[in-house]
Amino acid sequence: MLQDLSTTAPEGPEAPPGVALRVVDGDADRRLMHALFCESFAEHFGSSHDRPFEDWIATVEALPGTDPSRWWIATLDGQPVGICLLDDSKAEFGEAYVRTLGVIPAARGRGIATWLLACAAADSAERGRTGIALSVDGANTTGATALYASVGYSTRQVIDVWCYPLLDSA
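None of the values given here were measured: they were computed from a predicted structure.

**Describing the overall build of the protein**
Next, step 1: If you tally the helices and strands in the protein, you get four helices and six strands.
Next, step 2: Relative to the globule expectation of 15 Å for 170 residues, the C-alpha radius of gyration of the protein, 16 Å, shows essentially globular dimensions.
Next, step 3: Dimensions of the protein, computed from the C-alpha atoms along their principal axes, are close to 60 × 35 × 30 Å.
Next, step 4: Classification of the 170 residues of the protein by burial places 40% in the buried group.
Next, step 5: Pairs at least 24 residues apart make up 64% of the contacts formed inside the protein by residues separated by at least 6 positions.
Next, step 6: Element-wise, carbon and sulfur atoms account for 54% of the exposed surface of the protein, whose accessible area totals about 9500 Å².
Next, step 7: The average position of the 12 basic charges and that of the 23 acidic charges among the side chains of the protein differ by 2 Å.

As structure tokens, then:
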């Protein structure tokens, strides 16, 4: 999905009550980021939420356009509840990319994900990006697709993925 940033102001939006944002800083925050990722995606089929931290962080750090200064943790009343990881993997197209956005189930419905997306858009506009993209499983059960559409993202591409069980030849 893609959001046009041509009218997005580079100033960050006002946070929902009790919500704050901070940049991931150090190993403890990276481990916290992983824990929030695991909890946010635990109910999502096919997620890599059950990978050990070391494997997960190595994959995240190796992704194109990785920029740890744009990895954020959202807190609600001082408690960590969400993450947003932005990168520059789409910079050649003038776009930023939301690699991961997750809010733990207990904190959903408070506008945190919407606010994180607005922060990502403002950050990207400030960096001169003309759009911000993300990928989403259209069949996920969290309502993510509707959330993205509600803040101005539109479908750019649809990919169908099929899985076939392999027969055990042993």
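Next comes the rest of the description.
**Section: the sheet that holds strand S2 (residues 19-23)**
Next, step 1: Strand order in the open sheet made by the six strands is S1-S6-S5-S4-S3-S2, with mixed pairing throughout. The open sheet terminates on both sides in strands that have one partner only, identified here as strand S1 (2-4) and S2. Shown here is a sheet whose adjacent strand axes are inclined to one another by a mean of 25 degrees, direction ignored.
Next, step 2: Bridging between S1 and strand S6 (residues 131-134) involves three bridges; their strand directions are antiparallel. Bridge pairing in S6 links Leu2 to Ala133.
Next, step 3: Lying on the sheet, helix H2 (residues 53-62) is in contact with strand S3 (66-76) and strand S4 (79-87); it crosses S3 at an angle near 125 degrees.
Next, step 4: Of the strands in this sheet, S1, S2, S3, S4, strand S5 (95-103) and S6 touch helix H3 (residues 112-126), which is tilted by about 150 degrees from S3.

**A few points about the side chain of Arg129**
Next, step 1: Checked against the element boundaries, Arg129 lands in the loop between H3 and S6.
Next, step 2: At 3.1 Å, the side chain of Arg129 forms a polar contact with the side chain of Asp88.
Next, step 3: Filtering out sequence-adjacent residues up to four positions away, Arg129 remains in contact with Leu5, Asp88, Ala91, Gly94, Glu95, Ala96 and Ser124.

**Let's talk about the side chain of Thr75**
Next, step 1: The topology assignment puts Thr75 in strand S3.
Next, step 2: Accessibility expressed as a relative area gives 11% for Thr75, which makes it buried.
Next, step 3: With near-sequence residues (within four places) excluded, Thr75 lies in contact with Gly18, Val19, Ala20, Pro80 and Val81.

**Observations regarding the packing of aromatic side chains**
Next, step 1: For the structure shown, the criterion picks out three aromatic pairs.
Next, step 2: Each ring, one from Phe37 and one from Phe41, has its centre 4.9 Å from the other, and the planes form 35 degrees; the classification is tilted. In this pair, Phe37 and Phe41 are both assigned in helix H1 (residues 26-41), four residues apart and thus about one turn of the helix distant.
Next, step 3: Using a relative accessible area of 7% as the deciding quantity, one classes Phe37 as buried.

**Structural notes on the pattern of salt bridges**
Next, step 1: Evaluated as defined, the whole model comprises eleven salt bridges.
Next, step 2: In this structure, Arg129 and Asp88 form a salt bridge, with 3.1 Å as the shortest nitrogen-oxygen distance. Of this pair, Arg129 sits in the loop between H3 and S6 while Asp88 sits in the loop between S4 and S5, and the two are 41 residues apart along the sequence.
Next, step 3: With a relative accessible area of 23%, Asp88 lands in the partly exposed category.
Next, step 4: By sharing partners, the salt bridges in this structure join Asp67, Arg70, Asp88, Asp123, Arg127 and Arg129 into a single network.

**Observations regarding the packing of H1 against H2**
When two helices pack together, you describe them by how their axes are tilted relative to each other and by the distance separating the axes.
Next, step 1: One can describe the packing of H1 onto H2 by two numbers: an axis separation of 10 Å at closest approach and a directional angle of 100 degrees. Our classification of the angle between H1 and H2 gives roughly perpendicular. Facing Asp27, Arg30, Arg31, Met33, His34 and Phe37 of H1, the residues of H2 in contact are Phe53, Glu54, Trp56, Ile57 and Glu61.
Next, step 2: Along the lines of polarity and charge, the residues of the contact of H1 with H2 split into five nonpolar, one polar and five charged.

Conventions and cut-offs
Residues numbered from 1 in each chain as written. Predicted model: local features only at pLDDT ≥ 70, side-chain atom pairs only at ≥ 80, totals over all residues. Heavy atoms only, no water. Helix = DSSP H or I, 4+ residues; strand = E, 2+ residues; numbered from the N terminus. Rg over C-alpha atoms; globule rule 2.2 N^0.38 Å. Buried < 20%, exposed > 50% of the residue type's maximum accessible area, 1.4 Å probe, protein only. Contact = heavy atoms within 4.5 Å. Areas by Shrake-Rupley, 256 points an atom, 1.4 Å probe, with all protein chains shown as cover. Lys, Arg positive; Asp, Glu negative; His and termini not counted. Charge placed at Lys NZ, Arg CZ, Asp CG, Glu CD. Pairing = 2+ DSSP bridges. Axes fitted to C-alpha atoms, helices over the stretch in contact; angles between N-to-C directions. Polar contact = N/O pair within 3.5 Å; in protein donor to acceptor, adjacent residues only side chain to side chain. Phe/Tyr/Trp six-rings, centres within 6.5 Å; stacked < 30°, edge-to-face > 60°. Salt bridge = Lys/Arg side-chain N within 4 Å of Asp/Glu carboxyl O. Parallel < 35°, antiparallel > 145°, perpendicular 65-115°, else oblique. Nonpolar A, V, L, I, M, F, W, Y, C, P; charged D, E, K, R; others polar.

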